[in-house]
Amino acid sequence: MRKLLIAVVVLLLIVAIFYLKNVPKKIPDSANLVYEGGSSMAVVKVLNVVGDSTISWEDAIHKAVEEASKSVPNISGIEVVNQTANVKNGKIVEYKANIQIAYRADGQLD
């Protein structure tokens, strides 16, 4: 009985490893890594940025992108990672947004 149990566990491990190796990795559509009309992959870098605002999280995000675009002209997308806020006397006084900004490292624009 014990040998049968060990054999079943080993078989399940082999099946799990085979399945995990063959699961395609999902690349977000927003990454836009393939050149138009070709199959060459672009180099995309990711920059972590924190934006802040006294108005809203959306405003904090917009400010972070606006500030980053001053030194990174070829931004292709963003991901909002985290949103936090500072509170005083029971009211939000500052909104903060941690975002990741993706940009083409080769300077090419689509």
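Here, every reference points to the structure presented above.
Residues numbered from 1 in each chain as written. Predicted model: local features only at pLDDT ≥ 70, side-chain atom pairs only at ≥ 80, totals over all residues. Heavy atoms only, no water.

Novice: Please provide a residue-by-residue account of the overall build of the chain, values included.
Specialist: Regarding its fold elements, the chain presents two helices and three strands. Each of the 110 residues in the chain was classed as buried or not, and the buried ones make up 19%. Long-range contacts, defined here as pairs at least 24 residues apart, represent 60% of the contacts in the chain between residues at least 6 apart. (Helix = DSSP H or I, 4+ residues; strand = E, 2+ residues; numbered from the N terminus. Buried < 20%, exposed > 50% of the residue type's maximum accessible area, 1.4 Å probe, protein only. Contact = heavy atoms within 4.5 Å.)

Novice: Please set out unusual backbone geometry residue by residue, giving values where relevant.
Specialist: With a phi close to 50°, Asn89 is a non-glycine residue in the positive phi region. Its location among the elements puts Asn89 in the loop between strand 2 (75-88) and strand 3 (91-104). On the basis of relative accessible area, Asn89 is assigned to the exposed category, the value being 82%.

Novice: Outline the pattern of salt bridges, supporting the account with residue identities and numerical values.
Specialist: The final tally for this structure, using the stated rule, is two salt bridges. The salt bridge involving Asp59 is made with Lys63; its shortest N-O contact spans 3.6 Å. Of the two residues, Asp59 and Lys63 are both situated in helix 2 (residues 57-68); the distance of four residues between them amounts to about one turn of the helix. Under the relative-accessibility criterion, Lys63 is labelled partly exposed at 40%. (Salt bridge = Lys/Arg side-chain N within 4 Å of Asp/Glu carboxyl O.)

Novice: Lay out the pairing of strand 3 with the relevant residues and their values.
Specialist: Successive residues of a regular strand alternate their side chains across the two faces of the sheet. Two strands pair when backbone bridges link them, and strand 1 (residues 44-53) and strand 3 are joined in this way by 10 bridges, in the antiparallel orientation. Bridging across to strand 3, Gly51 finds its partner in Ala97. Of the strand pairs in this sheet, strand 2 and strand 3 are connected by 12 bridges, and their pairing is antiparallel. Each residue of the ladder has a partner; that of Glu79, found in strand 3, is Gln100. (Pairing = 2+ DSSP bridges.)

Novice: Tell me about the packing of aromatic side chains, and please be specific about residues and values.
Specialist: Applying the stated criterion across every chain yields a total of one aromatic pair. Measuring from centroid to centroid gives 5.0 Å for Trp57 and Tyr95, while their planes differ by 80°, and the two rings are edge-to-face. Linking Trp57 in helix 2 with Tyr95 in strand 3, this pair joins segments that are 38 residues apart in sequence. Note on Trp57: relative accessible area 29%, which makes it partly exposed. (Phe/Tyr/Trp six-rings, centres within 6.5 Å; stacked < 30°, edge-to-face > 60°.)

Novice: Describe a nonpolar patch on the surface, and please don't skip the residues or the numbers.
Specialist: On the surface, a nonpolar cluster with roughly 480 Å² of combined accessible area is contributed by Met1, Leu4, Val8 and Leu12. The residue Leu4 is located in helix 1 (residues 2-22) in this model. The class of Leu4 is exposed, set by a relative accessible area of 55%. (Patch = residues over 30% accessible without salt bridge, like charges linked within 9 Å, V, L, I, M, F, W, Y side chains within 5 Å. Areas by Shrake-Rupley, 256 points an atom, 1.4 Å probe, with all protein chains shown as cover.)

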